[in-house]
Amino acid sequence: MTETPKTSKTQPANPHTTSAKTGNTSSKTKKSPKFKLPTRQKVYYAIFVLAWTAFAITASQFIIVYPMIWILGESFTEPFWTFIYYILYNALALILVIFVPPRLAALYRRNHNAKGDLKPASQARLNPAKAEKAIEAPRVVAKPTAETDELFSTNPEELGVAGWPTFVDIGLAPIAYFAYAILTNVIINIFTSFPWFNADQEQNVGFNGYFITTSDRIFAMLAIVFIAPIAEELIMRGWLYGKLRNKFKIPLAIFLTSILFAVLHGQLNVGISVFILSVILCGLREITGTIWSGMLLHILSNGIAFYAIYIAL
């Protein structure tokens with residue numbers, strides 16, 4: 001005797017419950033379902049995104065600065081041309097970080113089969129002596145997969161730029177700045193007890209501090225206060241942190257992002273300060289779900305430093 005299969009009744013969705021569950025998606029960054037990498041591949045992936053970020057930022061500076069020095073000579077040190085340099089190298093760094101990796105992945109897929117081996121046509125180009133065997137060998141076409149697209153491409157949610165800045169983003173920025181200032185002063189005071197630590201070492205930002213005209217000061221302000229923070233947030237807390245947080249636990253992703261951000265500044269005293277800043281910036285992204293509040297904090301921090309160094313003194 002067979003039993004009649006029971007059919008479960010589908011309950012109608014409660015519109016109030018649904019809206020309550022989905023209404024706050026913009027307030028916190030949620031990880032979308034991701035495929036899991038083996039541990040070793042996760043390590044390789046972390047090394048790649050960290051190294052690629054460092055390479056893109058460093059290489060873009062050299063690619064832009066040397067032609068400008070060769071063309072402009074001593075005029076390169078003028079605030080206007082330093083301002084142009086800031087625009088060009090940050091734009092190039094953004095292009096290298098965000099747009100180049102998916103192109104490299106696509107190029108790899110075109111020349112390799114699904115198992116990662118070179119396709120017969122590619123083998124023939126590398127070794128013409130084996131061209132006939134390569135052509136006769138069965139071909140396996142490597143099609144783009146969701147996994148490879150996720151690893152190397154990006155989207156507004158992963159970059160932390162989905163949606164527009166909110167009043168919460170604006171309000172959190174000054175609050176976070178006070179926390180950053182207090183924490184930085186405490187840590188720096190601890191390090192000053194060591195004789196090898198120089199807390200007063202100046203950071204070279206490309207401007208010599210001597211501005212002849214008001215426009216010189218404006219160019220410097222635009223570069224230091226706005227261009228640099230916006231580009232750095234898109235690269236560091238946007239692309240890099242977005243990639244790392246999708247594959248690792250949040251504390252480790254914050255640490256890796258912040259330590260690279262500190263190392264790229266090239267000075268110990270500045271590195272300590274920006275490491276603390278980066279930790280807070282990553283925390284703001286986790287709270288708000290976007291990088292807008294962190295970007296405002298970064299602009300505020302650079303703006304106060306610019307005023308103290310180039311205007312107040």
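Keep in mind it's a predicted model, so treat the numbers as computed, not measured.

Reading the values: the criteria
- Residues numbered from 1 in each chain as written.
- Predicted model: local features only at pLDDT ≥ 70, side-chain atom pairs only at ≥ 80, totals over all residues.
- Heavy atoms only, no water.
- Phe/Tyr/Trp six-rings, centres within 6.5 Å; stacked < 30°, edge-to-face > 60°.
- Helix = DSSP H or I, 4+ residues; strand = E, 2+ residues; numbered from the N terminus.
- Buried < 20%, exposed > 50% of the residue type's maximum accessible area, 1.4 Å probe, protein only.
- Polar contact = N/O pair within 3.5 Å; in protein donor to acceptor, adjacent residues only side chain to side chain.
- pLDDT = per-residue confidence, 0-100.
- Contact = heavy atoms within 4.5 Å.
- Axes fitted to C-alpha atoms, helices over the stretch in contact; angles between N-to-C directions.
- Left-handed = near helix turned anticlockwise from the far one by under 90°.
- Nonpolar A, V, L, I, M, F, W, Y, C, P; charged D, E, K, R; others polar.
- Patch = residues over 30% accessible without salt bridge, like charges linked within 9 Å, V, L, I, M, F, W, Y side chains within 5 Å.
- Areas by Shrake-Rupley, 256 points an atom, 1.4 Å probe, with all protein chains shown as cover.
- Salt bridge = Lys/Arg side-chain N within 4 Å of Asp/Glu carboxyl O.
- Expected span 1.5 Å × (residues − 1).
- Core = buried A, V, L, I, M, F, W, Y, C linked by side-chain atoms within 4.5 Å.
- Parallel < 35°, antiparallel > 145°, perpendicular 65-115°, else oblique.

For the structure on display, the rule yields 20 aromatic pairs. Note on phenylalanine 48 and tryptophan 52: the rings are 6.2 Å apart at their centroids and 20 degrees apart in plane angle, and the pair reads as stacked. Of this pair, phenylalanine 48 and tryptophan 52 both sit in helix α2 (residues 39–72), four residues apart, which is roughly one turn of that helix. The exposure class assigned to phenylalanine 48 is partly exposed, which follows from its relative accessible area of 28%.

The subject of this paragraph is the side chain of threonine 288. Checked against the element boundaries, threonine 288 lands in helix α11 (residues 268–288). Taking relative accessible area as the criterion, threonine 288 reaches 7% and is therefore assigned buried. In this structure the side chain of threonine 288 is engaged in a polar contact, spanning 2.8 Å, whose partner is the backbone oxygen of leucine 284. For threonine 288, the side chain forms a polar contact with the main-chain oxygen of threonine 290, separated by 3.1 Å.

For the rest of this paragraph, the subject is the confidence of the model for the chain. With 74% of its residues at a pLDDT of at least 70, the chain reaches an overall mean of 82. Mean pLDDT per element in the chain: helix α1 (residues 15–22) is the minimum at 41, and helix α10 (residues 250–264) is the maximum at 97. Note on residues 1–27: pLDDT is under 50 here. Beyond four places in sequence and across chains, it has eight contacts. Taken together, the stretch residues 137–144 has pLDDT below 50 and engages in 16 contacts with residues farther than four places along the chain or on a different chain.

Viewed as axis vectors pointing N to C, helix α9 (residues 214–245) and α10 meet at an angle of 145 degrees, and their least axial separation amounts to 9 Å. At the point where α9 passes α10, the crossing takes the right-handed sense. Listed contacts from α10 to Glu232, Met236, Arg237, Leu240, Tyr241, Leu244 and Arg245 of α9 are Ile250, Ala253, Ile254, Leu256, Thr257, Leu260, Phe261 and Leu264. Considering only residue class, the contact of α9 with α10 consists of eleven nonpolar, one polar and three charged.

This next bit is on the environment of glycine 163. As for its position among the elements, glycine 163 is in the loop between α7 (156–159) and α8 (167–191). A C-alpha to C-alpha distance of 9.7 Å links glycine 163 and glycine 289, two positions 126 residues apart in sequence.

Right, let's get into a nonpolar patch on the surface. Taken together, the side chains of Ile182, Val186, Ile190, Phe194, Trp196 and Leu268 make up a nonpolar region of the molecular surface, amounting to roughly 610 Å² of accessible area. Residue contributions to the nonpolar patch peak at three residues, all from α8. The residue leucine 268 is located in helix α11 in this model.

With 25 residues, α8 extends 37 Å between its outermost C-alpha atoms, agreeing within 8% with the 36 Å of an ideal straight helix rising 1.5 Å per residue. For α8, the set of buried residues is Asp169, Ala173, Ala176, Tyr177, Tyr180, Thr184 and Ile188. In this fold, the buried residues of α8 make contact with α11 and α12 (292–311).

Below, the discussion takes up the side chain of threonine 184. Relative to the helices and strands, threonine 184 is located in helix α8. Judged by relative accessible area, threonine 184 falls into the buried class, the value being 9%.

A few words on the nonpolar core. Membership of the largest hydrophobic core comes to 32 residues, with the highest contact counts inside it found for Ile235, Met236, Trp239, Leu240 and Leu244. Of all elements in the fold, only α2, α3 (79–111), α9, α10 and α11 reach the threshold of two or more residues within this core. Looking at this core element by element, the count peaks at eight residues for α2. Sequence-distant contacts of isoleucine 235, defined by excluding residues within four places in its chain, comprise Thr53, Ile57, Ala93, Leu94, Val97 and Leu240. The next biggest cluster of nonpolar side chains, apart from the first, holds 24 residues, and it includes Val65, Phe76, Phe219 and Trp292.

Moving on, we come to the packing of α11 against α12. At a closest axis distance of 7 Å, the pairing of α11 and α12 adopts a crossing angle of 150 degrees. The angle between α11 and α12 places the two elements in the roughly antiparallel class. When α11 is examined against α12, the residues Leu277, Ile280, Leu281, Leu284 and Thr288 are found in contact with a partner set consisting of Ser293, Gly294, Leu297 and His298. Each residue belonging to the contact of α11 with α12 can be placed in one class, and the counts come to five nonpolar, four polar and no charged.

Turning to the pattern of salt bridges, a few remarks are in order. Evaluated as defined, the whole model comprises three salt bridges. Where glutamate 158 meets lysine 243, a salt bridge forms, and the shortest distance between an N and an O atom there is 3.1 Å. With a gap of 85 residues between them, glutamate 158 in helix α7 and lysine 243 in helix α9 connect regions that are remote in the sequence. Across the pair, exposure class does not vary: glutamate 158 and lysine 243 are buried alike.

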